Amino acid sequence: MGIAGGIRAAGVIGLSVMGSAYAQSNVTLYGTVENALSYTTHVNAAGDSLSGMSAGILTTSRWGMRGREDLGQGWGAVFDLEQGFSPANGATQQQAWSRESWVGLEGPYGRVTLGRTYAPILEAAYMADPLREGTGTASVVALGQLSVLAPGNGYRLDKTIRYTTPASWGPISGSMLYAFGSPGSNVQKSDFGAHLMYGSPSLTLVAGYNREDNPWDASGSMINAVAAGTPRPPIASPAYLNDWKRETWMLGANYTIDKLNLYAGYSHDSDRPSSGTARRAYTTHLYWAGAAYWLTSNADVRVGFYKLRVEDTNIHPYLVGAQLDYYLSKNVDVYLLGAFVHNQGGAGTSYPVVAFGTSAAASAYGANTLAQSLGTTSSVTPGANQFQAAVGVRYRF
């Protein structure tokens, strides 16, 4: 074979190898577009009501790309990039790939990823939450996502290393995560979390844990996804901010009986300095229960009840929510929902509800842009109740 023939042969072999390699890779474009019309009472301190368009009633609209490269012998390289947006006005969330942005390796012993991802305790809570579809930032029913379980840093954590168990563990699954903090006073915010789940065809049991060091923002304000009001006087000295711990744990279950799913759970959250003053330290308890029932093969109804109690305060709100979902196809559904929040004592629920009424939480979770676009930047008056009804459509791809 001459030099030219050899080059041609090498080129064919090279292209074959490249084609084989590319054939073992895949990248998927996915997303959700959801929008609704809603009516909500007590959207501000004046007690006004609001009717209009609300993006993110059930699920926040998002699009993303995920991929996997087969490395052979059961190993693979994986990544996921996901961005949230509002179809009501086309606005994106404040940072690119704000929902997820990670890369990692997986194999017979599990998956290890690096980047921005969900706190494990949120994944555990989702499995035990009867209104788990009610996760959008523009909905009162967002309380059904158990916002109280979110670490102070938010539902998603930056600069994480995460291990997830392999599918070979069968009915047992779980994950562990560590989020690296930032250097400097008041902004360290390192985080450790884990969750464990047992799943069978009829019974799912979940447990989750999260510990956060120094859950404060740079201004010295606690990013607090729990308290509506002020359970304790503010911290008097920044010296205390570097010695703060926040621990949350939860237990939950769901049980299936034919077309009926029953849900129940409990979470405990403790925020306090590990030494020194105990000012503003607090403990919260959240109890919930509910059910989901398939009316037909393409329609289901969900109901949920959530009760929060902040120790040593008069903050004891509860929420009752219900939603009816009808699937027009595998990817398209329409829904109707209603929710009522009873703000007992000093509790005050803001709109959009990201947590139990704290503007710091709304800011931390990027909800202010949505709030401003809806003209609802004020909080509801403490003790005032709130009701919401909505009808919407959702397309998944």
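What counts, and at which threshold
- Residues numbered from 1 in each chain as written.
- Predicted model: local features only at pLDDT ≥ 70, side-chain atom pairs only at ≥ 80, totals over all residues.
- Heavy atoms only, no water.
- Helix = DSSP H or I, 4+ residues; strand = E, 2+ residues; numbered from the N terminus.
- Contact = heavy atoms within 4.5 Å.
- Areas by Shrake-Rupley, 256 points an atom, 1.4 Å probe, with all protein chains shown as cover.
- Core = buried A, V, L, I, M, F, W, Y, C linked by side-chain atoms within 4.5 Å.
- Buried < 20%, exposed > 50% of the residue type's maximum accessible area, 1.4 Å probe, protein only.
- Pairing = 2+ DSSP bridges.
- pLDDT = per-residue confidence, 0-100.
- Patch = residues over 30% accessible without salt bridge, like charges linked within 9 Å, V, L, I, M, F, W, Y side chains within 5 Å.
- Salt bridge = Lys/Arg side-chain N within 4 Å of Asp/Glu carboxyl O.
- Phe/Tyr/Trp six-rings, centres within 6.5 Å; stacked < 30°, edge-to-face > 60°.
- Lys, Arg positive; Asp, Glu negative; His and termini not counted.
- Polar contact = N/O pair within 3.5 Å; in protein donor to acceptor, adjacent residues only side chain to side chain.

Draft legend 1. Summary view of the overall build of the protein. What the protein contains, in helices and strands, is four helices and 17 strands. A separation threshold of at least 6 residues defines the contact pool for the protein, and within that pool the share at least 24 residues apart is 62%. With the model as given, the accessible surface of the protein reaches about 17,500 Å², and the carbon-plus-sulfur share is 62%.

Draft legend 2. Local environment of the nonpolar core. Met250, Trp288 and Tyr306 are the most contacted members of the largest nonpolar core, which totals 19 residues. Those elements that provide at least two residues to this core are helix H2 (120-127), strand E8 (172-179), strand E13 (282-296) and strand E14 (299-310). When residues in this core are grouped by element, the largest group, four residues, is from H2. Ranked by size, the runner-up nonpolar core spans six residues in total, among them Leu58, Tyr335, Leu337 and Ala390.

Draft legend 3. Here's a closer look at the pairing of strand E9 (residues 191-199). Judged from the eight bridges that link them, E8 and E9 form a sheet pairing that is antiparallel. What sits directly across from Ala179, in E9, is Asp191. Examined bridge by bridge, E9 and strand E10 (residues 203-213) share nine bridges and lie antiparallel to one another. Residue pairing for E10: Leu196 is matched across the bridge by Ala207. Between E9 and E10, which follow one another and run antiparallel, lie three residues.

Draft legend 4. The arrangement of the confidence of the model for the protein in detail. Taken residue by residue, the protein gives an average pLDDT of 74. The fraction at 70 or more is 65%. This stretch, residues 6-23, has a pLDDT under 50; its non-local contacts, to residues over four places away or in other chains, come to three contacts. Taken as a whole, residues 349-378 scores under 50 in pLDDT and shows 83 contacts with residues more than four places along the chain or in a different chain.

Draft legend 5. Focus on the environment of Tyr198. Its place among the elements puts Tyr198 in strand E9. Here Tyr198 falls in the partly exposed class, since its relative accessible area comes to 33%. C-alpha separation for the pair Tyr198 and Gly170, spaced 28 residues apart in sequence, amounts to 9.0 Å. The residues contacting Tyr198, other than those within four sequence positions of it, are Pro171, Ile172, Leu203, Thr204 and Leu205.

Draft legend 6. Layout of a nonpolar patch on the surface. A grouping of Leu37, Met53, Tyr293, Leu295, Leu324, Leu336 and Val391 is seen on the molecular surface, where their side chains present a nonpolar patch of about 630 Å² in accessible area. Topologically, Leu336 is positioned in strand E16 (residues 332-342).

Draft legend 7. Up close: the pattern of salt bridges. Per the counting criterion, the structure on display carries 10 salt bridges. Notably, a salt bridge pairs Arg62 with Glu82, separated by 3.8 Å at the nearest N-O pair. Of this pair, Arg62 sits in strand E3 (residues 62-72) while Glu82 sits in strand E4 (residues 75-84); the two residues are 20 residues apart in sequence, bridging distant segments of the chain. In terms of burial, Arg62 and Glu82 fall into one category: buried. For Asp325, the salt bridge is made with Arg394, and the minimal N-O distance between the two is 3.2 Å. One end of the pair, Asp325, is in strand E15 (residues 318-327); the other, Arg394, is in strand E17 (residues 386-396), and 69 residues separate them in sequence. Relative accessible area serves as the criterion here: at 4%, Asp325 is assigned to the buried category. Several salt bridges share partner residues, and in doing so they unite Arg62, Glu82 and Arg99 into one network.

Draft legend 8. Quick peek at the packing of aromatic side chains. Under the criterion given, the structure shown has eight aromatic pairs. Consider the rings of Trp75 and Tyr109, whose centres lie 6.2 Å apart with planes at 50°: the pair is tilted. Remark: Tyr109 occurs in the loop between strand E5 (100-107) and strand E6 (110-118) and Trp75 occurs in strand E4; sequence separation between them is 34 residues. Taking relative accessible area as the criterion, Tyr109 reaches 63% and is therefore assigned exposed.

Draft legend 9. Here's a closer look at the side chain of Glu100. Tracing the chain through its elements places Glu100 in strand E5. Buried within the structure, Glu100 lacks any salt-bridge partner; Arg66 is the closest side chain of opposite charge, at an N-O distance of 6.1 Å. Here Trp102 takes part through its side chain, which lies 2.7 Å from a polar atom of the side chain of Glu100. Looking at Glu100, its side chain comes within polar contact range of the side chain of Thr117, at 3.3 Å.

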